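Architecture at a glance
Here's the letter readout for the chains.
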Amino acid sequence: PGPAGQIPTRYYRPHGTTADAVLPLCLFFHGGGFVIGDLDAYDSLCRRFTNLSGCAVLSVDYRLAPEAPFPAAVDDCWAVTQWAATQADALKIDADRIAVAAVTCLLARDAGGPKIAYQVLIYPVSDMQGETESAVRNADGYFLTADLMRYFLGHYLSDAMHAADWRASPLRAPKLKGLPPA
């Protein structure tokens, strides 16, 4: 359940694990600039990730912009994270070994739970203002260009001021202490 209704998810367990094996969980929030992507587009990646890592994976089909602008994706991912932690027994996961993305990790820390063991930063957007050295140095010549990021952010952020919000740019959080390893 989420703030705007049911949030589709897809649950993966590594090939060869028994149904009663209790596993760590990684919540997977797909790429696509918060504008494109879905469970099917990332199915093979999630299958590979779960089989190589030995972790259960819960892929989240959060709401997309422009129909659902910021912070809809954040709200959906946070709702699924909280739900998964409460369903640890049913999902056969270890509630003390959950991994999420940076923003969700900050939300969990500030809310006093659920407990997050790791941050998994596969292709994080850490600063939507695009001012980091890496963003400037890699603006062109790679698949995800600065122009493409501006396109995505133009659809996701209904107000340019949202780029400074730590829920959009976790590097801008007032405090980064007390987080698990990334």
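Above: the structure in question.
Presented here is a report on the structure given in the accompanying data block. (Residues numbered from 1 in each chain as written. Predicted model: local features only at pLDDT ≥ 70, side-chain atom pairs only at ≥ 80, totals over all residues. Heavy atoms only, no water.)

Before going further, it helps to spend a moment on the pairing of strand 2 (residues 23–29). The buried count for strand 2 comes to seven of seven residues, which makes it a mostly enclosed element. Summarising the sheet, strand 2 and strand 4 (residues 93–100) pair through three bridges and their orientation is parallel. Its bridge partner being in strand 4, Cys26 is matched across the sheet by Ala99. Here strand 2 pairs with strand 3 (residues 56–60) via five bridges, running parallel. Bridged to Phe28 within strand 3 is Ser59. (Buried < 20%, exposed > 50% of the residue type's maximum accessible area, 1.4 Å probe, protein only. Helix = DSSP H or I, 4+ residues; strand = E, 2+ residues; numbered from the N terminus. Pairing = 2+ DSSP bridges.)

It is worth spelling out the layout of surface pockets at this point. The space that makes up the largest pocket amounts to roughly 1,300 Å³. Together, 47 residues line the largest pocket, and Tyr123, Pro124, Val125, Ser126 and Met149 are the ones closest to its centre. Of all the elements in the fold, those that place two or more residues in the lining of the largest pocket are strand 2, helix 2 (72–86), helix 4 (102–111), helix 5 (133–137) and helix 6 (146–156). Ranked by the residues each element gives to the lining of the largest pocket, the list is headed by helix 6, at six residues. (1 Å grid on protein atoms, 1.4 Å probe; cavity = no way out; pocket = protein on both sides within 12 Å on 5 of 7 lines; lining within 4 Å. Points joined across faces, edges and corners; volume = space filled by probe spheres on them.)

Another aspect to go through is helix 4. Turn by turn, an α-helix covers 3.6 residues, leaving residues three or four places apart pointing in a common direction. Of all 10 residues in helix 4, seven are buried; the element is thus mostly enclosed. Against strand 2, helix 2, strand 4 and strand 5 (118–119) lie the buried residues of helix 4. (Contact = heavy atoms within 4.5 Å.)

Geometrically, a pair of aromatic rings is defined through the distance of the ring centres and the angle of the planes. Enumeration according to the criterion identifies five aromatic pairs in this entry. Aromatic side chains Phe34 and Tyr62 sit 6.1 Å apart centroid to centroid with 45 degrees between the ring planes, which places their arrangement in the tilted category. Note that Phe34 is positioned in the loop between strand 2 and helix 1 (43–53) and Tyr62 in the loop between strand 3 and helix 2, a separation of 28 residues in sequence. Residue class for Tyr62 comes out buried when judged on its relative accessible area of 3%. Taken together, the ring pairs in this structure connect Phe34, Tyr62, Phe70 and Tyr156 into an aromatic cluster. (Phe/Tyr/Trp six-rings, centres within 6.5 Å; stacked < 30°, edge-to-face > 60°.)

Turning to the side chain of Thr50, a few remarks are in order. Structurally, Thr50 can be placed in helix 1. Looking at Thr50, its side chain comes within polar contact range of the main-chain oxygen of Cys55, at 2.3 Å. Those residues within four positions of Thr50 in sequence are excluded, and the remaining contacts are Tyr12, Arg13, Pro14, Cys55, Ala56 and Val57. (Polar contact = N/O pair within 3.5 Å; in protein donor to acceptor, adjacent residues only side chain to side chain.)

Let us now look at the nonpolar core. One finds Leu25, Leu27, Val60, Tyr156 and Leu157 to be the most contacted residues of the largest nonpolar core, which totals 38 residues. The set of elements that each furnish at least two residues to this core consists of strand 2, strand 3, helix 2, helix 3 (88–91), strand 4, helix 4 and helix 6. If you tally residues by element for this core, the top one is helix 2, at eight residues. Setting aside residues up to four positions removed in sequence, Leu27 forms contacts with Leu58, Val60, Val80, Thr81, Ile98, Ala99 and Val100. Phe28, Tyr42, Cys46 and Ala99 belong to the second-largest nonpolar core, a separate cluster that totals seven residues. (Core = buried A, V, L, I, M, F, W, Y, C linked by side-chain atoms within 4.5 Å.)

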